[in-house]
Amino acid sequence: MAALNRSTFRRLQNLPQIPSVWEGDRRPLSNADSHMMLEDDDDPEAGGECILWVDGSEGVVRAMDMVGPDAGPEAIVRALLRAMEHPQSPAPAVRPQKIVVKNREIQFYLRGVLQDLGISIDYVPELPLIDEIFRGMEEVAINRPPELPPQYAEVLIEKAAHIWHDAPWRTLSEHQIISIEINQWDVASLYVSVLGQGRMDYGVLLYRSLESLKRFRERVVNDESFEDLEQAFLGQDCLFLTFESAADIDEDDEEEIDLADLPPSEIEPNFGNLHPLEGLRSILYEEEALTMLVALEAFHRFFRNSRRKLGAETFPNLNSRYRIPVPQSDGEIQQVSVKVSTMPEVSDELLQMLGDDDDDDDDDDDDEEFEMPLLRDDLVPQNSFLSLGAVPWETVEFLRTTVQFHQAAEIDINTAGDGLPVVMIQTSHPKAKTMIQDLKEAGGVKAIGFNPGENPFEDEQYDLGILQTKNGDLYLFGEFNENDPVHQEARQKWERRCKFTNGWCGLVIAKGLMGASRGQPQFKDMVALFEVRWVSAKELGIGPLQLMPMF
């Protein structure tokens, strides 16, 4: 049996002792009880039992702990020490004169740990105050409504699975709004905004008014502080469907995992409601569930029938009508007529709102061009793993048919030498996908080269790795110390290999930065191959670059 430290013992002895009787107990809880008592950041799986310490004389809870069923008897002592020194109720730090428990093992354990503290520890068959507290918790748990009305839960989850399968975020941006005219359950229309093109959160928001949608977008654009954004989020008036992993994901792996890469069986839908006066509520009541059911089915049909048109460069003007069957409590089926329409004008307005935020009120193109940096450094994610090397020709052939994105060379590359010289950039999967998307939007990669650079303040010379996109932008992908013998050898091998290929090289983007393949990505980690020209510093034509101070 563990004993108290002498310093802890002396500290407890110095607490004033009052003539009160405390009740203590440890009891298992149902899952409903556990979820009700946990804070948002706690793990519900860990909450199997509840420890309570109550001052029977004052009728207040001094300490409450949720522990796993395998936690030892030390847990009840930890809760008791906190009840004495740091009670959760507004009460002074004190020592009780007497403790009563209804478990013989707990009684004997506490007697051994707390001896010489002047606290009497007795056994009683009943603990009336604690019994009353647990009865109250059970009643609250029983009366708490389910997250979805039971009669609609199965069909709503089925509709959510259709949306996940449709993956509308691959086609629609958040500003491309679709209206669903319902005219039922006090809802005239819902306005759908799709989440997911940022590859962070996937789902659909169904706003009850255009005013709420526009107000939220405007506040997101204009407000920068976390508090402002939190208030903007809670100020929305919408129903929502979002998706998350059904399995627990460690915080260290969160950035590495993209939900879109998981099988559908590992995806879990979440339904809820946001309102300025209610805040966030993860429960749908009957009318909200019916509204969500109709809206999701209508959106699914519309997207399925119009996917190709919705993917056009210009957001089209489309509308369709559907009759959506809705199950009734008496077993009958009600047909609800809805109209689904795209809203190009609203979408342009929201896009313009974002564009206005990016503008710096420059008067002409010359000013904008002058303010743009010659060499950008916002393409390659920070902390990426970078290497120069070669990929064997057999591997190149394999990658051409297996990577998620392949930019082929304009001509057949001469397969001389030991392989294709490549720049390998390894980052997390979400950031790799973002990088690929940025390069696609820039028209692809045109060339890779190296250019001299210097830091005059430190008297250091650098070899700057530069990537040129087809729209003319130049991006820094790496800074190499010119005097580094390892880089010099790699650079010389690179240039020899480029001569064998008649000036062709490659850019490989790989995932798995935080995994076991960090620094040595396997075939399965390589997600993009760009076959591009190698150019000399002279062909780049930008001259030596110098680090300038920032004022």
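These figures come from a predicted structure and were not determined experimentally.

Chemist: I keep staring at the overall build of the protein and nothing clicks. Help me out?
Modeler: Summing up its helical and strand segments, the protein has 16 helices and 22 strands in all. Looking at the protein residue by residue over its 551 residues, the buried ones come to 46%. For the protein, long-range pairs separated by at least 24 residues make up 68% of all intrachain contacts whose partners lie at least 6 apart in sequence. As presented, the protein carries roughly 30200 Å² of accessible surface, and 47% of it is formed by carbon and sulfur atoms.

Chemist: Explanation requested: the pattern of salt bridges in the structure shown.
Modeler: It is possible for side chains of opposite charge to pair when their charged atoms get near one another. What the rule picks out here adds up to 23 salt bridges. Here Arg 208 and Asp 237 are joined by a salt bridge, their closest N and O atoms 2.6 Å apart. One end of the pair, Arg 208, is in the loop between β8 (203–207) and α7 (210–222); the other, Asp 237, is in the loop between α8 (226–234) and β9 (238–245), and 29 residues separate them in sequence. Owing to a relative accessible area of 28%, Arg 208 belongs among the partly exposed residues under this scheme. Each of Arg 208, Asp 237, Glu 278, Arg 281 and Glu 288 takes part in one network of salt bridges that share partners.

Chemist: Would you explain the nonpolar core in this entry?
Modeler: One recurring pattern in soluble globular proteins is that nonpolar side chains are buried together. Residues Ile 180, Val 204, Phe 243, Phe 271, Phe 299 and Val 338 are the most contacted members of the largest nonpolar core, which totals 50 residues. Of all the elements, helix α10 (residues 286–310) adds the most residues to this core, at twelve residues. Those residues within four positions of Ile 180 in sequence are excluded, and the remaining contacts are Ala 188, Ser 189, Leu 190, Val 192, Ala 295, Ala 298, Phe 299, Val 338, Lys 339 and Val 340. Grouped together as the second largest cluster of nonpolar side chains are 28 residues, Trp 53, Val 67, Ile 76 and Ile 106 included.

Chemist: Please clarify how the sheet that holds strand β6 (residues 178–184) should be interpreted in this entry.
Modeler: One key point about sheets: their strands pair by backbone hydrogen bonds, in either a parallel or an antiparallel sense. Ordered in space as β11-β10-β9-β8-β7-β6-β13-β12, the eight strands form an open sheet in which the pairing is antiparallel. In this open sheet, the two strands that pair with only one neighbour each are β11 (279–281) and β12 (319–327). Neighbour to neighbour, the strand axes of the sheet diverge by 25° on average, direction disregarded. Across five bridges, strand β7 (residues 187–195) lies against β8 in antiparallel orientation. Looking across to β8, one finds that Ser 193 is bridged to Leu 205. Packing against the sheet, helix α6 (residues 150–166) makes contact with β8, β9, β10 (267–275) and β12, and its axis sits at approximately 105° to β10.

Chemist: Teacher, can you tell me more about the sheet that holds strand β3 (residues 60–67) here?
Modeler: Taken together, five strands build an open sheet; the order of strands is β3-β2-β1-β4-β5 and the sheet is mixed. A strand with exactly one partner marks an edge of an open sheet, and here the two such strands are β3 and β5 (120–123). Neighbour-to-neighbour, the strand axes of the sheet open up by a mean angle of 20°, direction not taken into account. Bridging between strand β4 (residues 95–101) and β5 involves four bridges; their strand directions are parallel. Counted as the bridge partner of Lys 98 is Ser 120 from β5. With respect to the sheet, helix α4 (residues 104–114) is in contact with β1 (17–28), β2 (49–55), β4 and β5, its orientation differing from that of β5 by roughly 170°.

Chemist: How should I be thinking about the environment of Ile 119 in this particular structure?
Modeler: Within the secondary structure, Ile 119 sits in the loop between α4 and β5. On the basis of relative accessibility, which here comes to 11%, the residue Ile 119 falls in the buried class. Excluding residues that lie within four positions of it along the chain, Ile 119 makes contacts with Gln 17, Met 84, Arg 95, Pro 96, Gln 97, Lys 98 and Ile 99.

Criteria and cut-off values
Residues numbered from 1 in each chain as written. Predicted model: local features only at pLDDT ≥ 70, side-chain atom pairs only at ≥ 80, totals over all residues. Heavy atoms only, no water. Helix = DSSP H or I, 4+ residues; strand = E, 2+ residues; numbered from the N terminus. Buried < 20%, exposed > 50% of the residue type's maximum accessible area, 1.4 Å probe, protein only. Contact = heavy atoms within 4.5 Å. Areas by Shrake-Rupley, 256 points an atom, 1.4 Å probe, with all protein chains shown as cover. Salt bridge = Lys/Arg side-chain N within 4 Å of Asp/Glu carboxyl O. Core = buried A, V, L, I, M, F, W, Y, C linked by side-chain atoms within 4.5 Å. Pairing = 2+ DSSP bridges. Axes fitted to C-alpha atoms, helices over the stretch in contact; angles between N-to-C directions.

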